[in-house]
Amino acid sequence: MNEPAPRPDEQLNTLFALARARRPDTSAAEFAFETRLMARLRARHETGSVWAIVSWRMIPFLAACVVALFFWQSEVSTEATDAVGIAGLNNPVAADLWSN
């Protein structure tokens, strides 16, 4: 549609050389960069919601709860398997019906 006209290689090389030769003045951006960066990070951190802060701090506690629930569930599962085995010994017909 709106394709630019192709430039000859020499003209393009001249434009690249001019762009490399012209160095922008970055001294204003470098002045107190760390201070401005830390101020911006603090302002961004302080605007977070209370729920976000609390949820991040609760991660270790919730991870411990998940691990405890895993071990508790495995213990309950073992006990249930033992109960099925005992029920099968006392009443083999019921155990056959249950496993179908």
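Residues numbered from 1 in each chain as written. Predicted model: local features only at pLDDT ≥ 70, side-chain atom pairs only at ≥ 80, totals over all residues. Heavy atoms only, no water.

### Some remarks on the overall build of the protein
- Across its full length, the protein carries six helices and zero strands.
- Along its sequence from the N terminus, the protein presents helices and strands in the succession α-α-α-α-α-α.
- Buried residues in the protein amount to 1% of all 100 residues.
- Surface exposure of the protein reaches about 9,800 Å², of which carbon and sulfur atoms provide 65%. (Helix = DSSP H or I, 4+ residues; strand = E, 2+ residues; numbered from the N terminus. Buried < 20%, exposed > 50% of the residue type's maximum accessible area, 1.4 Å probe, protein only. Areas by Shrake-Rupley, 256 points an atom, 1.4 Å probe, with all protein chains shown as cover.)

### A look at unusual backbone geometry
- Residue Ala-32 is not a glycine yet carries a positive backbone phi of 55°.
- Here Ala-32 shows up in the loop between α2 (27-30) and α3 (33-46).
- Taking the relative accessible area as the measure of exposure, Ala-32 reaches 32% and is therefore partly exposed.

### What about a nonpolar patch on the surface?
- Taken together, the side chains of Val-50, Val-54, Met-58, Phe-61 and Leu-62 define a hydrophobic patch exposed on the protein surface, amounting to about 460 Å² of accessible area.
- Secondary-structure elements contributing two or more residues to the nonpolar patch are α4 (50-57) and α5 (59-90).
- Looking at where Met-58 falls in the secondary structure, it is placed in the loop between α4 and α5. (Patch = residues over 30% accessible without salt bridge, like charges linked within 9 Å, V, L, I, M, F, W, Y side chains within 5 Å. Salt bridge = Lys/Arg side-chain N within 4 Å of Asp/Glu carboxyl O.)

### Focus: the packing of aromatic side chains
- For the structure on display, the rule yields one aromatic pair.
- On the basis of an interplanar angle of 65° and a centroid distance of 5.4 Å, the ring pair of Phe-70 and Phe-71 is categorised as edge-to-face. The exposure classification of Phe-70 matches that of Phe-71, with both residues exposed. (Phe/Tyr/Trp six-rings, centres within 6.5 Å; stacked < 30°, edge-to-face > 60°.)

### Looking at the confidence of the model for the protein
- Put simply, the protein has an average pLDDT of 79, and 70% of its residues get 70 or more.
- Mean pLDDT across the elements of the protein ranges from a minimum in helix α6 (residues 92-99), with 58, to a maximum in helix α1 (residues 9-21), with 88. (pLDDT = per-residue confidence, 0-100.)

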